[in-house]
Amino acid sequence: MTRINLLPWREQQRKEKEREFYSIAGGAAVLMVLVVVYVHFHISGLIDEQHVRNEFLAKEIKAVEGKIKEIKELETAKDQLLARMQIIEQLQRQRPLVVHLFDELVKTIPDGVYLTSIRQEGATITLVGVAQSNARVSAFMRNIDASPWLANPRLDVIEALEQADNARASKFVLNVTQVSGAGDDAAEDAE
């Protein structure tokens, strides 16, 4: 005998498919929410980790900046010490120059000439004196030219002086450049 199913099987099948669809859609929605929550927490964790790294780097940068500042202060102090050392070395090198200057002045001054004042500014020396004649001033200038410690004599002023005993005398102002003697520098370097 033949059986005929009079139940609305298509409608049941449709409801079954509809229930299946809603359960799959609900599962997909729950899965999507879980994925979004996971991604949110993961990204928040990465952001927090980056903030920790940034704070660490900021602390390290401050420490390095402090060290850089200290190094700059030390370099400034070193530069100041080097400048002082150079000044001291320069003074040490120039110390014997005064002795050579007076020694050369004694050697170069001819008879009949005497100095009334000596003034030095850097390497320029201004000599003020009195000579019995202009020829003695010329001889003094030639002697200075021949000296290894003095050079470039330049006569600025020469004027006749009136004296009580009618003797001739001339007041002069002479500018000279002090140089270091080449032979003595080689001997000093050898020492």
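These numbers were taken from a predicted model, which means no experiment stands behind them.

Q: Would you take a moment to explain the overall build of the chain for this structure?
A: Each helix and strand in the chain was counted, giving three helices and four strands. Moving toward the C terminus, one meets the helices and strands of the chain in the order α-β-β-α-β-β-α. Against the 2.2 N^0.38 benchmark of 16 Å for 191 residues, the chain shows a C-alpha radius of gyration of 52 Å, more extended than a compact globule. Considered along the principal axes of its C-alpha atoms, the chain spans approximately 180 × 40 × 25 Å.

Q: Whenever I open this one, the sheet that holds strand β2 (residues 124-131) confuses me. Can you help?
A: Strand-to-strand pairing in sheets goes through backbone hydrogen bonds, with the strands running parallel or antiparallel. The strand order across the open sheet built from four strands is β1-β2-β4-β3, with neighbouring strands paired in antiparallel fashion. Each edge of the sheet is formed by a strand with only one pairing partner; in this case those strands are β1 (113-121) and β3 (150-161). Adjacent strand axes in the sheet meet at a mean angle of 20 degrees, parallel and antiparallel pairs treated alike. Looking at chain direction, β3 and strand β4 (residues 169-178) are connected through nine bridges and run antiparallel. Bridge pairing in β4 places A160 opposite S170. Contacts between helix α1 (residues 9-108) and the sheet are confined to β1, β2, β3 and β4, with β1 contributing the most and set at about 155 degrees to the helix.

Q: Sorry if this is basic, but what is going on with the nonpolar core here?
A: A general trend in soluble globular proteins is that nonpolar side chains are found buried together. By size, the foremost hydrophobic cluster in this structure holds 13 residues, and its most contacted members are L127, F140, I144, L150, F172 and L174. Secondary structure elements with two or more residues in this core: α1, β2, α2 (134-146) and β4. Setting aside anything within four residues of it in sequence, one finds F172 in contact with V113, L115, L127, V128, G129, V130, A131, V137, F140, L155, V157 and I158.

Q: I would appreciate a short explanation of the pattern of salt bridges in the present structure.
A: Where charged atoms from two side chains of opposite charge approach closely, those side chains can pair. As enumerated under the stated definition, the model contains seven salt bridges in all. A salt bridge links K107 to D103, with the shortest nitrogen-to-oxygen separation between them at 3.3 Å. With K107 and D103 both in helix α1, this residue pair falls four residues apart, about one helical turn. Residue D103 is classed as partly exposed on the basis of its relative accessible area of 35%. Ionic pairing is found between E104 and K107, a salt bridge with its closest N-O pair at 3.9 Å. Of this pair, E104 and K107 both sit in helix α1, separated by three residues, roughly a single helical turn. On the accessibility criterion, E104 (8% relative accessible area) is buried. One network of salt bridges, with partners in common, ties together D103, E104 and K107.

Q: Hey, could you run me through a nonpolar patch on the surface in this one?
A: Taken together, the side chains of L31, M32, V35, V36, Y38, V39, I43 and I47 present a nonpolar region at the surface, about 760 Å² in accessible area. For Y38, a relative accessible area of 56% puts it in the exposed group.

Q: Any chance you could explain α2 here in plain terms?
A: The first and last C-alpha atoms of α2 sit 19 Å apart over 13 residues, in line with the 18 Å expected at 1.5 Å per residue. Restricting attention to buried positions, one finds in α2 the residues V137, A139, F140 and I144. Each buried residue of α2 sits inside an arc of 160 degrees when the element is viewed along its axis, so together they form one side. Set apart from the buried face of α2 by more than 90 degrees, the exposed residues are A135, R142, D145 and A146. Against α1, β1, β2, β3 and β4 lie the buried residues of α2.

Q: I tried to follow the packing of aromatic side chains on my own but got confused; where do I start?
A: Between two aromatic rings, the relevant description is the distance of the centres plus the angle of the planes. Scanning the model with the defined rule gives two aromatic pairs in all. For the pair F140 and F172, a centre-to-centre distance of 6.2 Å together with 65 degrees between the ring planes defines the contact as edge-to-face. Pair noted here: F140 is in helix α2 and F172 is in strand β4, with a separation of 32 residues, a long-range link.

Q: Would you take a moment to explain α1 for this structure?
A: Given 3.6 residues per turn, any residue in an α-helix points the same way as the ones three and four places further on. Relative to the 148 Å expected for 100 residues at 1.5 Å per residue, α1 spans 142 Å between its end C-alpha atoms, a close match to the ideal helical length. Bending of α1 peaks at approximately 25 degrees at the position of R93, with proline P96 no more than four residues after it. Residues of α1 that are buried include every one of L97, H100, L101, E104, L105 and T108, and no others.

About the thresholds
- Position labels on residues start from 1 in each chain and follow its written sequence.
- Selection of residues for local features in this predicted model requires a pLDDT of at least 70, selection of side-chain atom pairs for listing and counting requires 80 or more, and totals for whole chains, interfaces and linings are taken over all residues.
- Hydrogens and water are ignored here; the side-chain numbers use all heavy atoms of the structure.
- Each helix is a run of H or I in the DSSP string that is no shorter than four residues. Each strand is a run of E no shorter than two, and both are numbered from the N terminus.
- Between the two quantities, the radius of gyration covers C-alpha atoms and the globule rule is 2.2 Å times the number of residues to the power 0.38.
- Two strands form a pair only when DSSP identifies at least two bridges running between them.
- Axis definition: a line fit to C-alpha positions, over the contact stretch in the case of helices; interaxial angles, taken between N-to-C directions, run 0 to 180 degrees.
- By the convention used here, residues are in contact when the closest approach between their heavy atoms is within 4.5 Å.
- The term nonpolar core refers to a set of buried residues drawn from Ala, Val, Leu, Ile, Met, Phe, Trp, Tyr and Cys, joined through side-chain atoms within 4.5 Å.
- With a 1.4 Å probe rolled over the protein chains alone, any residue whose accessible area is under 20% of its type maximum counts as buried; one over 50% counts as exposed, and the rest are partly exposed.
- One side-chain nitrogen of Lys or Arg within 4 Å of one carboxyl oxygen of Asp or Glu is enough to make a salt bridge.
- Patches in this entry comprise residues that are over 30% relatively accessible and not in a salt bridge; like charges within 9 Å are linked, as are nonpolar side chains (Val, Leu, Ile, Met, Phe, Trp, Tyr) within 5 Å.
- Exposure was quantified through the Shrake-Rupley algorithm and a 1.4 Å probe, taking into account, for residues, occlusion by the shown protein chains and nothing else.
- Here the expected length of a helix is defined as 1.5 Å per residue gap, with one fewer gap than residues.
- When we speak of the arc, we mean the arc of directions from the helix axis to the C-beta atoms.
- Note on aromatic contacts: the rings of Phe and Tyr and the six-membered ring of Trp form a pair at centre separations within 6.5 Å, being stacked when their planes are under 30 degrees apart, edge-to-face when over 60 apart, and tilted otherwise.
- By definition, a residue's bend is the angle between the axes fitted to the seven residues ending there and the seven starting there.

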